[in-house]
Amino acid sequence: LGGNMNIFPLSELLNNATQLMQVTRVFVLAIVFVAIAIGAVGVLNTILMAVFERTKEIGMMKAIGASSRDIFALIWTETVLICSVGGLVGVCIAVVSARGIEWFLRKALASQFSELPDTTLIGIPGSVIISCLALAVGLGVLAGFYPAWRAGSVKPIEAIRGAN
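Everything quoted here is computed from the prediction, not taken from an experiment.

Below, the discussion takes up the side chain of Glu 102. With respect to the element layout, Glu 102 can be found in helix α3 (residues 68-110). Look past the residues within four positions of Glu 102 in its chain and what remains in contact with it is Thr 119, Thr 120, Leu 121 and Ile 122.

Below you can see the structure in the form of structure tokens.
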């Protein structure tokens, strides 16, 4: 044997690959948590702005008899519904995109391989879909709490007059 050759035992190579996979998994989870935090802040900001823009309407509802609890329930329910529909649309886009990518891969690989498996190449388990929808609803529940509380605490006279 000559030249610049290094010999590594297979177990060392497998350990390095395993460590790389673990680091990658941690990195991906960190990105997911940052994305969730950004989503929560985005929902919170959007609903707060909606409450701010509708302050006079909220004041009028309170002036004609709506309780703080009614206003809270209205804003919170609206937030949860918006997040639920957004989660459902997101899951649908993911499923359709996965099918499109699979179609493209099948067309691209058809010339390379004589037979491709009949099963789906890109699978999205039902548990992942349910987890994504639950996360969207949970995000709406958590991010909608403060704006709903703030809307419920609006004083009717100040809201109608235009003060915040």
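What follows is about helix α5 (residues 145-152). Buried residues of α5: Pro 147, Ala 148, Ala 151 and Gly 152, and no others. Along the axis of α5, the buried residues cluster in a sector spanning 135 degrees; they form a single face.

This part is about α3. With 43 residues, α3 ought to run about 63 Å at 1.5 Å a step, and its terminal C-alpha atoms sit 62 Å apart, in line with that. For α3, the elements touching its buried residues are α1 (10-53), α2 (55-63), α4 (126-143) and α5.

This part takes up the nonpolar core. In terms of nonpolar packing, the biggest core is built from 13 residues, with Val 43, Ile 47, Val 51, Ile 58, Ile 71, Ile 75 and Ala 151 touching the most fellow members. Elements supplying a minimum of two residues to this core: α1, α3 and α5.

Turning our attention to the pattern of salt bridges. Scanning the model with the defined rule gives 4 salt bridges in all. The salt bridge involving Arg 54 is made with Glu 78; its shortest N-O contact spans 2.9 Å. In this pair, Arg 54 sits in the loop between α1 and α2 while Glu 78 sits in helix α3, placing the two residues 24 residues apart along the sequence. Taken together, the salt bridges that share partners define one network made up of Arg 54, Glu 57 and Glu 78.

With that out of the way, let us pick up the packing of aromatic side chains. Geometry of an aromatic ring pair is reported as the spacing of the ring centres plus the angle between the planes. Inspection of the entire model under this criterion finds 4 aromatic pairs. For the pair Phe 72 and Phe 145, a centre-to-centre distance of 5.5 Å together with 80 degrees between the ring planes defines the contact as edge-to-face. Taken together, the positions of Phe 72 in helix α3 and Phe 145 in helix α5 put the pair 73 residues apart, joining distant regions of the chain. Given the relative accessible area of 17%, Phe 72 is considered buried. Classification of Phe 145 by relative accessible area gives partly exposed; the value is 46%.

It is worth spelling out the packing of α4 against α5 at this point. Each pair of packed helices can be described by the angle between their axes along with the distance between the axes. Packing of α4 against α5 brings their axes to within 4 Å, and their N-to-C directions diverge by 35 degrees. Along the contact surface, α4 presents Val 141, Leu 142 and Ala 143, while α5 presents Phe 145, Tyr 146 and Pro 147.

Let's shift gears to the side chain of Thr 55. Tracing the sequence through the fold places Thr 55 in helix α2. What makes Thr 55 buried here is its relative accessible area of 7%. Reaching out from Thr 55, the side chain makes a polar contact with the backbone oxygen of Val 51 at a distance of 3.1 Å.

Moving on: the state of the cysteines. A complete count under the given rule lists 0 disulfides for this structure. Lacking any disulfide linkage, Cys 83 is separated from the closest cysteine sulfur, that of Cys 132, by 14 Å. Of the residues examined, Cys 83 reaches a relative accessible area of 10% and is grouped as buried. In this model Cys 92 remains outside any disulfide bridge; the closest cysteine sulfur is found in Cys 132, 12 Å from its own.

The next subject is the packing of α3 against α4. Orientation of α3 relative to α4, taken along the N-to-C sense of each, is 155 degrees, at an axis distance of 8 Å. As judged from the angle between their axes, α3 and α4 are roughly antiparallel. The hand of the α3/α4 crossing is right-handed. Contacts between α3 and α4 pair Trp 76, Thr 79, Val 80, Cys 83, Ser 84, Gly 87, Leu 88, Val 91 and Val 95 from the former with Ile 129, Cys 132, Leu 133, Ala 136, Val 137, Leu 139, Gly 140 and Val 141 from the latter. Here the residues of the contact of α3 with α4 sort into 13 nonpolar, 4 polar and no charged.

Conventions we followed
Residues numbered from 1 in each chain as written. Predicted model: local features only at pLDDT ≥ 70, side-chain atom pairs only at ≥ 80, totals over all residues. Heavy atoms only, no water. Helix = DSSP H or I, 4+ residues; strand = E, 2+ residues; numbered from the N terminus. Contact = heavy atoms within 4.5 Å. Buried < 20%, exposed > 50% of the residue type's maximum accessible area, 1.4 Å probe, protein only. Arc of directions from axis to C-beta. Expected span 1.5 Å × (residues − 1). Core = buried A, V, L, I, M, F, W, Y, C linked by side-chain atoms within 4.5 Å. Salt bridge = Lys/Arg side-chain N within 4 Å of Asp/Glu carboxyl O. Phe/Tyr/Trp six-rings, centres within 6.5 Å; stacked < 30°, edge-to-face > 60°. Axes fitted to C-alpha atoms, helices over the stretch in contact; angles between N-to-C directions. Polar contact = N/O pair within 3.5 Å; in protein donor to acceptor, adjacent residues only side chain to side chain. Disulfide = S-S within 2.5 Å. Parallel < 35°, antiparallel > 145°, perpendicular 65-115°, else oblique. Left-handed = near helix turned anticlockwise from the far one by under 90°. Nonpolar A, V, L, I, M, F, W, Y, C, P; charged D, E, K, R; others polar.

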